[in-house]
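What follows is each chain in one-letter form.
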Amino acid sequence: MATLLRSKLSNVATSVSNKSQAKMSGMFARMGFQAATDEEAVGFAHCDDLDMEHRQGLQMDILKSEGGEEGGESPLEGDIHYQRDGTGPLPPSASKEAGVCSELSGQGKPKITAWEAGWNVTNAIQGMFVLGLPYAILHGGYLGLFLIIFAAVVCCYTGKILIACLYEENEDGEIVRVRDSYVDIANACCAPRFPTLGGRVVNVAQIIELVMTCILYVVVSGNLMYNSFPNLPVSQKSWSIIATAVLLPCAFLKNLKAVSKFSLLCTLAHFVINILVIAYCLSRARDWAWDKVKFYIDVKKFPISIGIIVFSYTSQIFLPSLEGNMQNPKEFHCMMNWTHIAACILKGLFALVAYLTWADETKEVITDNLPSTIRAVVNIFLVAKALLSYPLPFFAAVEVLERSLFQDGNRAFFPNCYGGDGRLKSWGLTLRCALVVFTLLMAIYVPHFALLMGLTGSLTGAGLCFLLPSLFHLKLLWRKLLWHHVFFDVAIFVIGGICSVSGFIHSLEGLIEAFRTNAED
């Protein structure tokens with residue numbers, strides 16, 4: 001009897017603890033402190049379940065009940081992501097967690113407010129890659145500042161028209177949501193002749209962008225550590241190897257719940273770093289070199305700057321899933337407006353102030369210009385942020401690869417990398433490790449932050465933010481569009497195409513030159 005009473009009291013205490021945690025998480029979520037990251041979110045919502053974890057990190061981070069310990073532990077407990085397509089037994093705690101989530105939201109799926117959605121979009125377009133924007137001003141002058149504004153306007157517009165492609169008018173004349181993702185929109189545009197071609201193109205572009213983001217994190221980690229401790233007998237390549245050794249456990253990731261705990265700290269640390277850099281620049285306001293800001297451009301290097309600017313605004317990949325999980329989707333347009341206006345102002349001021357401080361000596365990563373006493377501290381924080389941010393794009397890339405190559409039913413190119421019990425097979429784990437090593441090799445052979453960022457922005461950034469949304473909008477809704485919408489879509493497609501091709505060619509030339517230089521060394 002005493003044992004039974006003790007067991008019931010333990011269950012009640014556990015339930016109260018879980019609900020308390022849920023309420024606290026919900027409170028922080030309502031305040032806007034979502035456990036989402038910055039630029040990685042660009043591609044992190046290729047599917048609803050993954051995107052839900054990014055945006056509802058704190059809300060979904062509920063303490064698991066201790067029921068598993070009482071009734072015997074299951075090897076799959078708490079591992080929802082490993083139950084692929086219903087294979088493998090569901091963990092006993094899954095239904096309990098789902099019940100708590102339903103209690104939080106009042107529905108089967110937690111919904112987010114416009115402020116919470118805006119917080120995630122802000123994180124996506126205000127990430128640590130803004131550290132490369134002063135370098136874009138170096139080669140573009142005032143035109144670079146104009147492009148920061150222009151890119152904000154265009155990306156805001158294309159984000160809205162991309163969401164418009166999710167909806168159609170039904171027989172009753174009501175506007176209803178008939179698609180759920182970027183891939184669905186792409187497939188609808190290519191149907192009926194090629195019903196899956198568009199989705200595959202989007203998936204390839206997404207994988208390239210996610211993997212390149214991982215490579216950039218390794219590059220920036222090696223670069224920052226090398227410039228923070230120049231007196232140590234450790235090269236930039238060696239620092240990159242050390243960073244990758246720290247990141248190798250990412251291959252064992254089952255889900256992102258553990259990672260999401262660090263996301264909020266990452267974002268707050270980044271804002272603190274930006275404030276420190278701007279504060280130092282303001283302290284040298286008397287020495288600002290206004291005469292160095294040019295009205296002409298460096299024809300060879302400015303196209304690279306276009307890619308850098310575009311890459312810093314990429315968020316279109318996860319917008320469909322974000323809008324679909326808003327409490328009031330009608331607030332999406334307003335949210336896009338104020339997030340991109342804020343991003344435009346902050347990016348423009350940061351880039352201009354930093355460039356005025358160092359002028360022609362501006363480096364690819366602006367923190368490398370700081371005095372050695374401040375640089376080491378700031379760079380260590382940035383490295384920590386980069387390393388903590390790496391798992392998100394890596395996990396998203398792995399999910400896309402696994403779903404498209406190994407788990408696409410009869411259309412899969414390779415056998416399923418998961419066993420019948422939902423566990424990852426050894427050769428699947430080897431492929432994950434190979435992907436981590438691939439990001440290291442690219443970072444070692446092409447340790448140029450600006451070139452890689454420019455190449456990615458010109459190739460996938462311009463495609464996913466400029467070209468495809470305008471093309472899809474014209475294809476799906478051309479009969480209902482007003483003439484000025486048609487004009488905007490065509491103009492964006494043409495201008496985006498020119499900028500994309502130009503930036504890609506110049507970035508590729510720079511990378512080829514970098515390969516040759518490394519080969520000679």
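Residues numbered from 1 in each chain as written. Predicted model: local features only at pLDDT ≥ 70, side-chain atom pairs only at ≥ 80, totals over all residues. Heavy atoms only, no water.

Per an unreviewed UniProt entry, the chain is named Vesicular inhibitory amino acid transporter, and its organism is Tricholaema leucomelas.

A. Representation of the overall build of the chain. Within the chain, the secondary structure is distributed over 19 helices and two strands. Restricting the contact set of the chain to residue pairs at least 6 apart, pairs at least 24 apart contribute 80%. About 23,500 Å² of surface is accessible on the chain, with carbon and sulfur atoms providing 66% of the total. (Helix = DSSP H or I, 4+ residues; strand = E, 2+ residues; numbered from the N terminus. Contact = heavy atoms within 4.5 Å. Areas by Shrake-Rupley, 256 points an atom, 1.4 Å probe, with all protein chains shown as cover.)

B. Just the environment of Val 246, in detail. With respect to the helices and strands, Val 246 occurs in helix H10 (residues 236–247). With relative accessibility at 52%, the residue Val 246 sits in the exposed group. (Buried < 20%, exposed > 50% of the residue type's maximum accessible area, 1.4 Å probe, protein only.)

C. Structural view of the pattern of salt bridges. Scanning the entire structure with this criterion turns up four salt bridges. Its salt-bridge partner being Asp 180, residue Arg 177 comes within 3.3 Å of it at the nearest N-O pair. Among the residues examined, Asp 180 registers a relative accessible area of 43% and is labelled partly exposed. For Arg 177, the salt bridge is made with Glu 323, and the minimal N-O distance between the two is 3.0 Å. Remark: Glu 323 occurs in helix H13 (residues 319–324) and Arg 177 occurs in strand S2 (residues 175–177); sequence separation between them is 146 residues. Here Glu 323 falls in the buried class, since its relative accessible area comes to 2%. Residues joined by salt bridges that share partners form a network here, namely Arg 177, Asp 180 and Glu 323. (Salt bridge = Lys/Arg side-chain N within 4 Å of Asp/Glu carboxyl O.)

D. Representation of the confidence of the model for the chain. Chain-level statistics for the chain give a pLDDT mean of 74 and a share of 72% at 70 or above. Per-element confidence in the chain is highest for helix H14 (residues 332–358), whose mean pLDDT is 92, and lowest for helix H5 (residues 92–105), whose mean pLDDT is 35. Per-residue pLDDT stays below 50 along residues 12–108; that stretch engages in 199 contacts with residues further than four places along the chain or on separate chains. (pLDDT = per-residue confidence, 0-100.)

E. Representation of helix H15 (residues 372–389). Between its terminal C-alpha atoms H15 stretches 25 Å, which fits the 26 Å expected from 18 residues at 1.5 Å a residue. What H15 keeps buried is the set Arg 375, Ala 376, Val 378, Asn 379, Leu 382, Val 383, Lys 385, Ala 386, Leu 387 and Ser 389. (Expected span 1.5 Å × (residues − 1).)

F. Region of the structure containing the nonpolar core. By size, the foremost hydrophobic cluster in this structure holds 119 residues, and its most contacted members are Tyr 313 and Tyr 390. Here the element with the most residues in this core is helix H7 (residues 133–164); it accounts for 17 residues. Beyond its immediate stretch of four places on either side in the chain, Tyr 313 contacts Ile 125, Ile 148, Ala 151, Ala 152, Cys 155, His 340, Ala 343, Cys 344 and Lys 347. (Core = buried A, V, L, I, M, F, W, Y, C linked by side-chain atoms within 4.5 Å.)

G. View of helix H6 (residues 114–125). Helix length check: H6 (twelve residues) gives 16 Å between terminal C-alpha atoms against 16 Å at 1.5 Å per residue, within 8%. Counting buried residues along H6, eleven of its twelve residues qualify, which places the element largely inside the surrounding structure.

H. The arrangement of the packing of aromatic side chains in detail. Considering all chains together, one arrives at nine aromatic pairs under this definition. Seen from their ring centres, Tyr 390 and Phe 394 are 5.9 Å apart, and the 20° between their planes marks the pair as stacked. For Phe 394, a relative accessible area of 1% gives the class buried. Put simply, the rings of Tyr 157, Phe 487 and Phe 488 pair up and form one aromatic cluster. Lys 347 extends its terminal NZ or CZ atom over the ring of Tyr 313, reaching a point 3.5 Å from the ring centre. (Phe/Tyr/Trp six-rings, centres within 6.5 Å; stacked < 30°, edge-to-face > 60°. Lys NZ or Arg CZ within 6 Å of the ring centre and 35° of its normal.)

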